[in-house]
Amino acid sequence: MNATIADNEKEIIEKHNRILSTISHDLKSPMVALLGFSRILLKEIEATNENQRWLDMLKIIVDSGEDMFGLIEDILTMAKMEAGKEIVEFEVIEDLAKELVGIEKTFGCEAKAKGIDLSVLVISELPIVKWDMKRLRYHVLNNLVSNALKFTPSGGRVVISAEAFDETVLLKVTDTGPGIPVEMQDKSFKRFGHTEMCSERTKKGDGLGLYNAHLFVTQHGGRIRLDNSVCNGATFLIELPIEVFQRQEVAINNINGQ
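Residues numbered from 1 in each chain as written. Predicted model: local features only at pLDDT ≥ 70, side-chain atom pairs only at ≥ 80, totals over all residues. Heavy atoms only, no water.

Q: Please explain the overall build of the protein chain as it appears in this structure.
A: Of regular secondary structure, the protein chain possesses six helices and seven strands. Its helices and strands taken in sequence order, the protein chain reads α-α-β-α-β-β-α-β-β-α-β-β-α from the N to the C terminus. Looking at the protein chain residue by residue over its 258 residues, the buried ones come to 41%. Relative to all contacts within the protein chain whose residues are 6 or more apart in sequence, the contacts with residues 24 or more apart total 72%. For the protein chain, the accessible area works out to roughly 14800 Å², and carbon and sulfur atoms hold 54% of it. (Helix = DSSP H or I, 4+ residues; strand = E, 2+ residues; numbered from the N terminus. Buried < 20%, exposed > 50% of the residue type's maximum accessible area, 1.4 Å probe, protein only. Contact = heavy atoms within 4.5 Å. Areas by Shrake-Rupley, 256 points an atom, 1.4 Å probe, with all protein chains shown as cover.)

Shown next as structure tokens:
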């Protein structure tokens, strides 16, 4: 009986994700056109320095369009990972510190414009790791750093840090923005978990970024959580095995079983 229920639930999830994937793909094409032409108009109006009212409205259109495009991307990512189609591709990373500095450079201009100190801190010598760094950067680290910059006020600080242990590497993204209350932290990594939360950090966002990060880290055989010992700001902890031995099928089963 339990096996039958599990099979039925799996079938429902697969149908649900197929529907989400189809809808998301259909939404992407018009969104690309809307965003593309809106950005062109924005550049042209900014160049003329005329009609601040139109400029302000166009900026709202572009910002809203980018938020919606991000939501579509998050839905597609979620559907792929839950269906086991977003398979991690492991590669040997000889210089992990260099990868983290690359993330710092990616967000450096944004941090400077907002008056935020963004830095990388390597606490111990880092080993050669075998991860899917491309997806780890996109689905996890970029997501966390982007959110940290979004919620950290001018004059604040965001730190990306790394420390090695015997079999794992601990990555941290720490900021000095509004934190997430301890009683709400368990919901942070659930699908659309922010809808159940009343926190300043959850007023924006689609509620899928952290959930997708959780799915991807789980595929790596690791875990992601909030450091509940931090009183000010938020610190996200990502623990990853130095080399992932876990088979993909096992990782996917762990995801779907949660």
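Next comes the rest of the account.
Q: Is there a simple way to explain the confidence of the model for the protein chain in this structure?
A: Predicted coordinates in regions of low pLDDT should not be interpreted in detail. Summarising the model, the protein chain shows a mean pLDDT of 77, and 70% of its residues fall at 70 or more. Ignoring residues within four places in sequence, the model shows residues 245-256, a span with pLDDT below 50, making 19 contacts including any to other chains. (pLDDT = per-residue confidence, 0-100.)

Q: Help me out: how do you make sense of the nonpolar core in this one?
A: Here is a general trend for soluble globular proteins: nonpolar side chains tend to be buried in one another's company. Membership of the largest hydrophobic core comes to 40 residues, with the highest contact counts inside it found for Trp-131, Val-140, Leu-141, Leu-171 and Ile-238. At eight residues, helix α4 (residues 133-151) tops the list of elements feeding residues into this core. Here Leu-141 is in contact with Leu-100, Ile-103, Met-133, Leu-136, Leu-171, Val-173 and Ile-238, once residues within four sequence places are set aside. (Core = buried A, V, L, I, M, F, W, Y, C linked by side-chain atoms within 4.5 Å.)

Q: I would appreciate a short explanation of the pairing of strand β4 (residues 157-164) in the present structure.
A: Residues in a regular strand project their side chains so that they alternate between the two faces of the sheet. Sheet analysis places strand β2 (residues 117-122) next to β4, joined by six bridges and oriented parallel. Each bridged residue has a counterpart across the sheet, and for Ser-119 the counterpart in β4 is Val-159. Of the strand pairs in this sheet, β4 and strand β5 (residues 168-175) are connected by seven bridges, and their pairing is antiparallel. Considered in β5, the bridge of Glu-163 is made with Leu-170. Counting the residues in the hairpin turn of β4 and β5 gives three residues. (Pairing = 2+ DSSP bridges.)

Q: Hey, could you run me through helix α3 (residues 96-113) in this one?
A: Think of an α-helix as 3.6 residues a turn; residues three or four steps apart then line up on the same face. Over its 18 residues, α3 extends 27 Å from the first C-alpha to the last, a length consistent with the 26 Å expected when each residue adds 1.5 Å. Maximum bend of α3: about 50°, positioned at Phe-107. Those residues of α3 not exposed but buried are Leu-96, Leu-100, Ile-103, Phe-107 and Ala-111. Each element contacted by the buried residues of α3 is listed here: β1 (91-93), β2, β3 (129-131), α4, β4 and β5. Positive backbone phi, approximately 70°, marks Gly-115, located one or two places after α3. (Expected span 1.5 Å × (residues − 1). Bend = angle between axes of the 7 residues up to and from the residue.)

Q: Even after reading the chapter, I still don't get the pattern of salt bridges, so can you show me in this structure?
A: Any two side chains of opposite charge can pair, on the condition that their charged atoms come close. Inspection of the entire model under this criterion finds six salt bridges. Here Glu-99 makes a salt bridge to Arg-137, at a shortest N to O gap of 2.5 Å. Of this pair, Glu-99 sits in helix α3 while Arg-137 is found in helix α4, placing the two residues 38 residues apart along the sequence. One salt bridge in this structure joins Glu-239 and Arg-225, with 3.2 Å as the shortest N-O distance. Highlighted residues: Glu-239 in strand β7 (residues 234-241) and Arg-225 in strand β6 (residues 223-226), separated in sequence by 14 residues. Taking relative accessible area as the criterion, Arg-225 reaches 30% and is therefore assigned partly exposed. Shared partners join several salt bridges into a network, and the residues in it are Glu-89, Asp-132 and Arg-135. (Salt bridge = Lys/Arg side-chain N within 4 Å of Asp/Glu carboxyl O.)

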